[in-house]
Amino acid sequence: MPTQVPLMNRGEIPLRQSGTMVARTAQLSAGDTGLGRALQGVGAQLAEMAVKEQQADDARLMIDFEGEMRAAVDRQSQFQQQNQEQGDWLPQWEKESSALQKRMDGLKVSDRTRLALTQTFGQFSDRHTLNIRGQAFEQSQTRAKQSFENRINQAVQSGNADEVGQTIRLAKSSGVGLPEQWDAVELSAQEKVKGVQIDRANTAAETALANNDVETAQSVIEASPMPEDQKKLALARLASGAARKKEYDSLLVIANDDPDRALELAPMQEKSGKITGMDRLNIEREAMQSKAFKRRDSVTKYK
């Protein structure tokens, strides 16, 4: 049915010819006129334009907001790279997420778009919160593991087997890594500790032997963690070294008292294995110096 448009003067239209009022129908059918159809068309166009404008604004604002979310993730990544303290990571992300929430709340979008945007942002925030929690956990595990390994390495270098064991027990109780992994680390570390202790025992024995303290040298070797076969070999070398040093010291005395005799004996003792080639050279050098001093003293005496 055509739209009814109210008319002024209750539809009574004056007739100029007679000057009298002629009663007409109180309403005319606007749908039957071109003006009515035009008004209806304009209204529909305006409504359609408003819808399209809102859709365009919604799309633009959503795209812009997605860019802001990506920028927030980039800032968070940069923050974590520059700040190794993982305890600061999640509070920083909460600041970023809160700022994004306020920005989203201020967007002038349609209800439908706001609902979709809220769901998208919620998923985005939750996902990155979980990611950052996971990254912080991994960072804490990595840093703790590195601290344990550093302490174990220090204990190995100092040859401290007890400290290695204590650190391994602490690592296991902390929940960092698997117990089986720390068992393997301890086995390797304790072997290295033994190597350090053996090297130190050999050095201490050599020092004691150089000071003619054979008893101390033997005690150091026997107390070391060497395997029994290696220990026997070390003690045999120690005994041989003690005998060599005794022979060497004896030849040095002869080199000072009777240089010619020392020069004769040194090659013989080297050949028999009682002294080394370096020992022989030292004895010969000492004997030649002794002969020179003796000649000088002889010349001075008869002047």
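Our subject is the structure that appears above.
**A short note on the side chain of Ser290**
- The topology assignment puts Ser290 in helix H9 (residues 277–302).
- Here Ser290 falls in the buried class, since its relative accessible area comes to 5%.
- Setting aside residues up to four positions removed in sequence, Ser290 forms contacts with Ala255, Asn256 and Pro259.

**What to know about the packing of aromatic side chains**
- Under the counting rule described, the total for this entry stands at four aromatic pairs.
- Members of the aromatic cluster, connected to one another through ring pairs, are Phe65, Trp93, Phe121 and Phe124.

**Details of the packing of helix H3 (residues 111–157) against helix H5 (residues 179–210)**
- Remark: H3 packs on H5, axes separated minimally by 8 Å, with the N-to-C direction vectors making an angle of 25°. On the basis of their axis angle, the class for H3 and H5 is roughly parallel. When you trace H3 past H5, the crossing you get is right-handed. Here Lys145, Phe148, Glu149, Ile152, Ala155, Val156 and Gln157 of H3 come into contact with H5, specifically with Trp182, Val185, Ala189, Lys192, Val193, Val196 and Arg200.

**Details of the packing of helix H2 (residues 89–105) against H3**
- Packing of H2 against H3 brings their axes to within 10 Å, and their N-to-C directions diverge by 175°. It follows that H2 is roughly antiparallel to H3 by the angle criterion.
- Per-class residue counts for the contact of H2 with H3 are ten nonpolar, eight polar and three charged.

**Description of the nonpolar core**
- In terms of nonpolar packing, the biggest core is built from 16 residues, with Phe65, Met69, Leu100, Leu107, Phe121 and Phe124 touching the most fellow members.
- Taken together, the elements giving at least two residues each to this core come down to helix H1 (34–82), H2 and H3.
- Of all hydrophobic cores here, the second largest spans eleven residues; its members include Ile168, Ala171, Trp182 and Ala189.

Calculation notes
Residues numbered from 1 in each chain as written. Predicted model: local features only at pLDDT ≥ 70, side-chain atom pairs only at ≥ 80, totals over all residues. Heavy atoms only, no water. Helix = DSSP H or I, 4+ residues; strand = E, 2+ residues; numbered from the N terminus. Buried < 20%, exposed > 50% of the residue type's maximum accessible area, 1.4 Å probe, protein only. Contact = heavy atoms within 4.5 Å. Phe/Tyr/Trp six-rings, centres within 6.5 Å; stacked < 30°, edge-to-face > 60°. Axes fitted to C-alpha atoms, helices over the stretch in contact; angles between N-to-C directions. Parallel < 35°, antiparallel > 145°, perpendicular 65-115°, else oblique. Left-handed = near helix turned anticlockwise from the far one by under 90°. Nonpolar A, V, L, I, M, F, W, Y, C, P; charged D, E, K, R; others polar. Core = buried A, V, L, I, M, F, W, Y, C linked by side-chain atoms within 4.5 Å.

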